[in-house]
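Geometric and topological summary
What follows is the residue order along each chain.
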Amino acid sequence: MDFFVNDDQQAVLDAMGTLLGRHAGPSRLRHLGGDQPAYDRDLDKHLETAGFLDLAPAGSRNRLDAALVQEAISVALGSSATSYRLLVAPSLSVPVMGPMAIVADGHRGPVRFGADADAVVMVSETDVRLAVPPPTSDRTKSRLGWPVGRFSSAVQGSKLDGVDPQEVVSWLRVALAVEIVGALRFATDLTVRFVMDRKQFDRPIGSFQAVQHGLAECAIATEGARWLALEAAEIGSPEAACTALAHAVEATRVVFARTHQYSGAMGFTQEYDLHLATMRLVALRAEAEAFGRPATTSALQRWALA
Amino acid sequence: MEFGWDKEHVAYRDELLLFLEDELPGHWHGAAAVLGSEENTAYSRRFAGLLAERGWLTPHWLAAHGGVEASPWMLAVLGEELWSRGEPRGPQYMNVNWIGPSIVAHGTPEQQERYLPPIAAGNVVWCQGFSEPDSGTDLASLRTRAEIDGDEYVVNGTKIWTSYGDVAEHCYLLVRTDPDAERHRGISVLLVDMPTPGLEIATIPGVVGEHSFNELVFTDVRVPVANGLGPENEGWAVVREALSYERVGSPRWARAAYVLDEAIAAGLDDGRPIDDVAVQAIGVAKTACEAARILCYRVIDERARNLPSSANANIARAAMVQAERLVAEACLAIDGLEVLVYGSRSDHQLRKSLAAGVAAGTYEVQLNLISRLHLGLPKG
């Protein structure tokens, strides 16, 4: 058991920090459209060139390095489908390089990256299908921090032989858990800085115990979700993946409500960065639940309760 | 970074599980049993002796005192497996985990010779005289007074919420020896033999189970000066160090996870339907236990590396409290009207979870420390 990054992981994270400082972050997201951003192909290109999108070899069981990189991207509010590429694509039998979307069988509604994807993965109970190119799509107006589209017809695609749909869903859960963790961290860190600066009654509002306790609970929720997600990325078991996502979803409830509450009216302005992360939490939670409610699924994975 | 167990710890867990499967059934009432009943306290003495025979009661102690200087990870395995079975060590738990180590660190050779062998053999019960009627969370405000008279201290004051005070042979007692000093500076630790003239013990019935608390009233109780542990007036540092050995304290999450398991098994055995709401509550409780587990492991990793204690310990403790409460919620959802039966799993867990956020440091104090140490927020 070792909770510290090794030298190689640290080197990757340092290089990532530099790259993300230049090509991601709140100002980049605002440039792309803020809470209704465009897909960031430039970010994908920079990450690809630097070799950061192929950290988990095809079929690998341990995708911890990829998860650490995705966490950094998510904290920096990257606006592309890197989590699928880093964590889900290694479970597909063919390489999928460009922007991608992932949908559950029969889903006809809005989907993240639906209008930008070069490829769509469709997951059913029994198989995984890949559509390249995807069906035509329309961009959907959404203000939850992601580019969203809707396909004009059901995704057919061709069956990927030997690909286990349960495994794909499992890694999708890890990917979403890591993305949620990144947004939780952004929102909590920003709010901690806000309550230190914001003074009322001649003192920072962060010195009031009511505010401190709420933020401490944000930290507990975020830390729990973070370590469960990293553990799941390393051990690669479906139950660990689902448990991590379930806890991440629970954490979204705590962090969304409290960070907005303590940010006062600033928290519902466009100009303040909080919504860039918190609205994403709502979208990620909805996507998580589209593949089975995580807490319920996690319980059913351990016990025969039906 | 990696999250697997070393082979030696896996092997140790396997060996321990075989021993527990062999020993516990028929003797111990398991996680749903009531800690502190006379029967269980008696059994815990026998059980601790069996552990001692195998070197598993004080494996983390120095070899000179009968330990094998085991790693914090081995200790974590031991704690998890025993807590998930309702902690059959009973009161021995605090002896071996911090009272003993505190005597190792600060005891005179005579104190070590007298007190350590019985603790290492598992046949003695200690209680901790910390809280007072007016000093709980603000422990440093304690007022129980010890004044020197010749080669003895004369102790006057009241201690409260003292678990096992009614059966203990010794008390690890915090007293004020210098009332004029700054409040953290005038405190000392005394090792008090029990019973002793002038010490009256009254039981306070609890709602947590059969486990009751005690009030210890000291009236001119005479304690030899030689029974002071560590330097006089520096007891606050001694006790802080003692409590820091564990960092996260009892692995409550392991017991909570086990209770959840048992509640589900019992519900299924009884043929009671577990509806969607209960399944969701079970999932939420399970994931909370898992989060507490991984957060505890992070603290054990810090301990194993001899890193200083950090707010990660407070985060882990608070996560355990949350897990205990959510497991109680899940048990209530599973049990339905069965909660009406005293001693049912839901009734039991509800009572247990009441104490989780209070015993060994309140939840709110953990949140205060997380705010200050982890988030860097100013003191209010």
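Placed above this text is the structure.
Our subject in this report is the structure included herewith. All figures in this text were calculated on a predicted structure; none of them were measured in a lab. (Residues numbered from 1 in each chain as written. Chains lettered and ligands numbered in written order. Predicted model: local features only at pLDDT ≥ 70, side-chain atom pairs only at ≥ 80, totals over all residues.)

Attention now goes to the overall build of chain A. Assigned secondary structure in chain A consists of ten helices and nine strands. The C-alpha radius of gyration of chain A comes to 19 Å, within 12% of the 19 Å expected for a compact globule of 306 residues. Expressed as lengths along the three principal axes of its C-alpha atoms, the size of chain A is roughly 65 × 45 × 40 Å. Here chain A holds 306 residues, and 55% of them are scored as buried. (Helix = DSSP H or I, 4+ residues; strand = E, 2+ residues; numbered from the N terminus. Rg over C-alpha atoms; globule rule 2.2 N^0.38 Å. Buried ≥ 20, exposed ≤ 12 C-beta atoms within 10 Å, placed from the backbone.)

Residues and elements named next belong to chain B. Look at helix 7 (residues 252-269) against helix 10 (residues 345-356): their axes get within 10 Å of each other, and the N-to-C directions meet at 165°. With respect to helix 10, the axis of helix 7 lies roughly antiparallel. For the pair helix 7 and helix 10, the crossing hand works out as left-handed. Two secondary-structure elements touch here, helix 7 through R252, V259, E262, A263 and A266 and helix 10 through R345, S346, Q349 and A356. Within the contact of helix 7 with helix 10, the residues separate by chemical class into four nonpolar, two polar and three charged. (Axes fitted to C-alpha atoms, helices over the stretch in contact; angles between N-to-C directions. Parallel < 35°, antiparallel > 145°, perpendicular 65-115°, else oblique. Left-handed = near helix turned anticlockwise from the far one by under 90°. Contact = placed C-beta atoms within 7 Å. Nonpolar A, V, L, I, M, F, W, Y, C, P; charged D, E, K, R; others polar.)

Residue and element names in this part refer to chain A. If you walk across this open sheet you meet the four strands as 1-3-4-7, and the pairing is mixed. Only two strands of the sheet have a single neighbouring strand rather than two, namely strand 1 (100-104) and strand 7 (158-159). Judged from the four bridges that link them, strand 3 (residues 119-123) and strand 4 (residues 128-131) form a sheet pairing that is antiparallel. What sits directly across from M122, in strand 4, is R129. Sheet strands touched by helix 6 (residues 165-197): strand 1, strand 3 and strand 4. Its angle to strand 3, the strand with the most contacts, is close to 115°. (Pairing = 2+ DSSP bridges.)

Okay, the sheet that holds strand 6 (residues 148-151) of chain A next. All names here are of chain A. Taking strand neighbours across the sheet as the criterion, the three strands line up as 2-6-5 in an open arrangement whose pairing is antiparallel. What marks the edges here is a single partner per strand, and that holds for strand 2 (110-112) and strand 5 (137-139). Direction aside, neighbouring strands of the sheet carry axes that sit 40° apart on average. Relative to strand 6, strand 5 runs antiparallel, the two sharing three bridges. From the neighbouring strand, S137 faces strand 6, where its bridge partner is F151.

It is worth spelling out the interface of chain B and chain A at this point. Taken residue by residue, the interface counts 34 residues in chain B and 42 residues in chain A. Of all the secondary structure elements, the ones that give two or more residues to the side of chain B that touches chain A are helix 8 (276-304), helix 9 (312-335) and helix 11 (363-374) of chain B. Of the residues forming the side of chain B that touches chain A, the biggest block, 14 residues, is contributed by helix 8 of chain B. A breakdown of the residues in the side of chain B that touches chain A according to their chemical character gives 21 nonpolar, seven polar and six charged.

What follows covers the pairing of strand 1 (residues 126-129) of chain B. All names here are of chain B. Of the two faces of strand 1, the one lined by W126 and Q128 and the one lined by C127 and G129 are each fully buried. Pairing of strand 1 with strand 4 (residues 170-176), which is carried by four bridges, proceeds in the parallel orientation. The residue of strand 4 that forms the bridge with G129 is L173.

A few words now on the pairing of strand 5 (residues 187-193) of chain B. Residue and element names in this part refer to chain B. Among the seven residues that make up strand 5, six are buried, leaving the element largely enclosed by the rest of the structure. The pairing of strand 5 with strand 8 (residues 228-229) spans two bridges and is antiparallel. Residue pairing for strand 8: V189 is matched across the bridge by L229.

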